[in-house]
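# Summary of the model geometry
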Amino acid sequence: MAASDIITTTSRGQARERTAEYLVGRHRFRPAEALPWLIAIAVFFIFPERMTFGSQVLVMAMFALSLDLILGYAGIVTLGHAAFFGVGAYTVGLAAARLQWAEPISGLFAAAITAGLVGFITGWFLLRYRGLTLLMLTLATAIMLQETGNLRSDISGGYDGLPGLAFKPLLGIFDYDLYGRAYYLYVLAVLAVVFYFVRRIVYSPFGQALTGIRENVRRMHAIGSPVHRRLVTVYTIAAAIAGVAGALFTQTNAYVTLTVFDFDNSAKVMVMLILGGTGRLYGAFIGATVYMVLEDYFSKLSPTFWQFGIGLVLVLAVLFARRGVLGLFESVGKYVAERKRS
Amino acid sequence: MPQVANIAVSILFDGLAYAMFLFITSVGLSVTMGLMGFVNLAHGAFAMAGGYVVVTLTRSFGVEFIPSLVVASVVVGAVSVVFERWLYRRLYKSTDLEQVLLTIGLAFMAIATATYFYGPIPKSVPLPGWLQGDVNLGFRYFPSYRAFLIVLGTALIAVLWYVFERTNIGAKIRAAVDNRRMAESVGINVDRLFTLTFAIGSGLAALGGGLAIQLFGLSPSFAVLYLVLFLIVVAVGGLGSLKGTLLAALVLGVFDTAGKYLLADAGGFFVYAVTVAVLLIKPAGFYGRE
């Protein structure tokens, strides 16, 4: 909606109608949104031998998407998001290794429920805090879960993890093939479902309330929004999605170790999201893809060089491109459009 | 001496030595965070840099351990000013998230640089004779190095306490932590004050890094591995509070040591459990302002 529209609209009813139209129009699917999905399907045909890596990229994209929900939309800064990824990963891992529950799809639901539960309980306590206190509490939660796993290494397998997990064929038909092709499509399908769900949330009134909390929490309190309940709700949802991502991680790799709870894992997903751009859904996809492909390429050359590079990229991103790759595109697009007009 | 008392004394002694290391390394972080509210995840990198300066001086140039500690803190303190003026000050008004990202980026770069020059294998440092072996304190023997840590830590606490509570510059720092705007409006140059405290804090971190080599060994991952502990000490103690940082270092140092002595399997669990308990009850830490 351009500025001139507002000025010419005189009657109040008309203005309200236009606003409603604008809000509805915002969450209509745009043709460009098909692009990442078409690319993901194209990759399936172009790189058939790299499907295991492809699945990992998709898993990280889902993980980053769940972080985007709380970080990008609700403005909760956490250093312990790996906690939920780990809970999901260990839910299916332990179910398969100890309970012989190896059916993949029902495993995802179990992972979502346990991770969501952990998210609900920790979120209920932690989301009353902000700033450094919240950072430390989320970080401590993830490490405590890791230490608990280490303490009961007779069940969890400790830092050696649970290797060689065998999952049942997908839907009883598609077995785990050498290049993980069936799993790639499986992960892509789950990602599509999760994405649709997240997209609905973000454009719903609930999503608008979250953005309000991010932008000005005092004002949201003042207009009577139940801030804590909203935050706990979105934290639980994000935890459940991170749990599903973790479950898919275990299923595609057929192993899991306690390193999934590492601080590195929490930091990595945050870096991905920041690189792609927060609070814009597809930022998670771009960030995860760019990060994983670069990591795959550079860490083969030299892991040290890669670590230095990612550090440098972060510093430069904070100084010059605070809204990530997508933000950069937007700025360039705006600049070009302005040049055309003048 | 009975077995139980013996173990209790060992825990207290080791815990105290550990607490001194935590205090020396974290106190600068606490004051700078209290002053500017800046989340500095690269603090561990300064400590690591200090450690590597000590390693280089002692191993390659044959400098004694104690003089190299002094040189390391001065060098790192001076270098940190460059970072503060160049990078940090641009982000004082930014969000937590942006500060976290910038400083974690710096930490990654520091780790990579250290790996490139020193390799990933942990380094040790040659100690002078009087710091090796045990020292007799009348009723039993204690490791000399830890006794030295406790003496040095106590001396530093005394000096810092004096500077903080009894000098003009200390009064200015306390005023600026309490209310930055008010301090500025009565003519305190908070910007310059911050640069100064940042340099001293980083210098102390470097000293802590040098002291830590003998305790844990020094590898590039030090920058992130122990950072979590420093941040926890700061959060539990309360931002910008000397007293709080000391109390937090003592509590966490002793609890961590006790946990490792009594329940080796549980590892770091105790520290985090204590942290969560304290922060849930007092979100701003022991002596922080709510």
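Rules used in this analysis
Residues numbered from 1 in each chain as written. Chains lettered and ligands numbered in written order. Predicted model: local features only at pLDDT ≥ 70, side-chain atom pairs only at ≥ 80, totals over all residues. Helix = DSSP H or I, 4+ residues; strand = E, 2+ residues; numbered from the N terminus. Rg over C-alpha atoms; globule rule 2.2 N^0.38 Å. Buried ≥ 20, exposed ≤ 12 C-beta atoms within 10 Å, placed from the backbone. Contact = placed C-beta atoms within 7 Å. Axes fitted to C-alpha atoms, helices over the stretch in contact; angles between N-to-C directions. Parallel < 35°, antiparallel > 145°, perpendicular 65-115°, else oblique. Nonpolar A, V, L, I, M, F, W, Y, C, P; charged D, E, K, R; others polar. Domains from an automatic or database assignment. Core = buried A, V, L, I, M, F, W, Y, C linked by C-beta atoms within 7 Å. Expected span 1.5 Å × (residues − 1). Bend = angle between axes of the 7 residues up to and from the residue. pLDDT = per-residue confidence, 0-100.

The next subject is the overall build of chain B. Within chain B, the secondary structure is distributed over twelve helices and two strands. Order of helices (α) and strands (β) in chain B, N terminus to C terminus: α-α-α-α-β-β-α-α-α-α-α-α-α-α. Computed over its C-alpha atoms, the radius of gyration of chain B comes to 19 Å, within 12% of the 19 Å expected for a compact globule of 290 residues. Principal axes of the C-alpha set define a box for chain B whose edges measure 60 × 45 × 35 Å. Classification of the 290 residues of chain B by burial places 48% in the buried group. Taking all contacts inside chain B whose residues are at least 6 apart in sequence as the whole, residues at least 24 apart take part in 76%.

The next point concerns the overall build of chain A. In terms of regular secondary structure, chain A is built from 16 helices and zero strands. In summary, chain A has a C-alpha radius of gyration of 21 Å against a globular reference of 20 Å for 342 residues, a match within 12%. Along the three orthogonal principal directions, the C-alpha set of chain A runs to about 70 × 45 × 45 Å. A burial count over chain A gives 45% of its 342 residues as buried. Contacts in chain A between residues far apart in sequence, at least 24 positions, make up 79% of those at least 6 positions apart.

A word on the interface of chain B and chain A. In this assembly, 34 residues from chain B lie in contact with 29 residues from chain A. Residue assignment for the side of chain B that touches chain A shows that the elements contributing at least two residues are helix H4 (96-118), helix H10 (227-237) and helix H12 (269-281) of chain B. With 15 residues, the single largest contributor to the side of chain B that touches chain A is H4 of chain B.

Now for the packing of helix H13 (residues 263-276) of chain A against helix H16 (residues 324-341) of chain A. Residue and element names in this part refer to chain A. Across the interface, H13 lies against H16 with an axial gap of 3 Å and an inter-helix angle of 5 degrees. Looking at the two axes, H13 sits roughly parallel to H16. Packed against H13, whose contacting residues are Ile274, Leu275 and Gly276, the element H16 presents Gly324, Val325 and Leu326 at the interface. Counted by class, the contact of H13 with H16 contains four nonpolar, two polar and no charged residues.

All names here are of chain A. Each assigned domain of chain A is listed here: domain 1 (32-260) and domain 2 (267-342). One C-alpha centre belongs to domain 1, the other to domain 2, and the line joining them spans 21 Å. With 17 residues of domain 1 in contact, the opposing surface of domain 2 contributes 17 residues. Here the side of domain 1 that touches domain 2 takes 13 residues from helix H4 (residues 51-73), the largest share from any one element. Looking at the side of domain 1 that touches domain 2, its residues break down into twelve nonpolar, three polar and two charged.

To continue, consider the environment of Gly88 of chain A. Residues and elements named next belong to chain A. Its location among the elements puts Gly88 in helix H5 (residues 82-98). Residue classification places Gly88 among the buried positions, given that 35 C-beta atoms sit within 10 Å. Each C-alpha atom, one on Gly88 and one on Leu275, is 25 Å from the other, the two residues being 187 residues apart in sequence.

Right, let's get into the nonpolar core. With 192 residues, the main nonpolar core has Ala61, Met62, Ala64 and Val244 of chain A together with Ala107 and Ala110 of chain B as its most contacted residues. Residues lining this core come from more than one domain, with at least three contributed by each of domain 1 (32-260) and domain 2 (267-342) of chain A. If we skip the residues at most four places from it in the chain, Ala107 of chain B touches Leu41, Ala42, Gly44, Ala45, Ala223 and Val224 of chain B.

Bringing the environment of Ala321 of chain A into the picture now. Residue and element names in this part refer to chain A. Note that Ala321 resides in the loop between helix H15 (303-320) and H16. Spatially, the C-alpha atoms of Ala321 and Ile274 are 9.7 Å apart, while their sequence positions differ by 47 residues. The residues touching Ala321, leaving out its near neighbours within four places in the chain, are Gly327 and Leu328.

Residue and element names in this part refer to chain A. With a phi angle near 60 degrees, Ala254 is a residue other than glycine that sits in the positive phi range. Here Leu281, not a glycine, exhibits a phi torsion of approximately 55 degrees, which is positive. Topologically, Leu281 is positioned in the loop between H13 and helix H14 (282-301). Judged by C-beta crowding, with 21 C-beta atoms within 10 Å, Leu281 ranks as buried.

What follows is about helix H8 (residues 190-216) of chain B. Taking 1.5 Å of rise per residue, 27 residues should cover 39 Å, and H8 of chain B covers 37 Å from first to last C-alpha, within 8% of that figure. Looking one or two residues beyond H8 of chain B, the residue adopting positive phi is Gly217 of chain B, at roughly 80 degrees.

Here the focus is H14 of chain A. Residues and elements named next belong to chain A. Look at H14: 29 Å from first C-alpha to last across 20 residues, which is about the 28 Å you get at 1.5 Å a residue. A bend of about 25 degrees at Glu295 is the largest found in H14. Listed as buried for H14 are Gly283, Ala284, Phe285, Ile286, Gly287, Ala288, Thr289, Tyr291 and Met292. As for H14, its buried residues are in contact with helix H3 (34-46), H4, H13 and H16.

The next thing to look at is the confidence of the model for chain B. Summarising the model, chain B shows a mean pLDDT of 88, and 98% of its residues fall at 70 or more. Both scores are given for the predicted complex: the pTM is 0.84, the ipTM 0.84.

The subject of this paragraph is the environment of Arg85 of chain B. Residue and element names in this part refer to chain B. Relative to the helices and strands, Arg85 resides in helix H3 (residues 65-86). For Arg85, a count of 13 C-beta atoms within 10 Å translates into the label partly exposed. In this structure the C-alpha to C-alpha distance between Arg85 and Ser60, which are 25 residues apart in sequence, comes to 31 Å.

Detail in the predicted coordinates should be disregarded across regions flagged by low pLDDT. Looking at chain A, the pLDDT average stands at 84 and 94% of residues meet or exceed 70. The secondary-structure element of chain A with the lowest mean pLDDT is helix H1 (residues 3-8) of chain A, recorded at 50, while helix H12 (residues 227-253) of chain A shows the highest, at 94.

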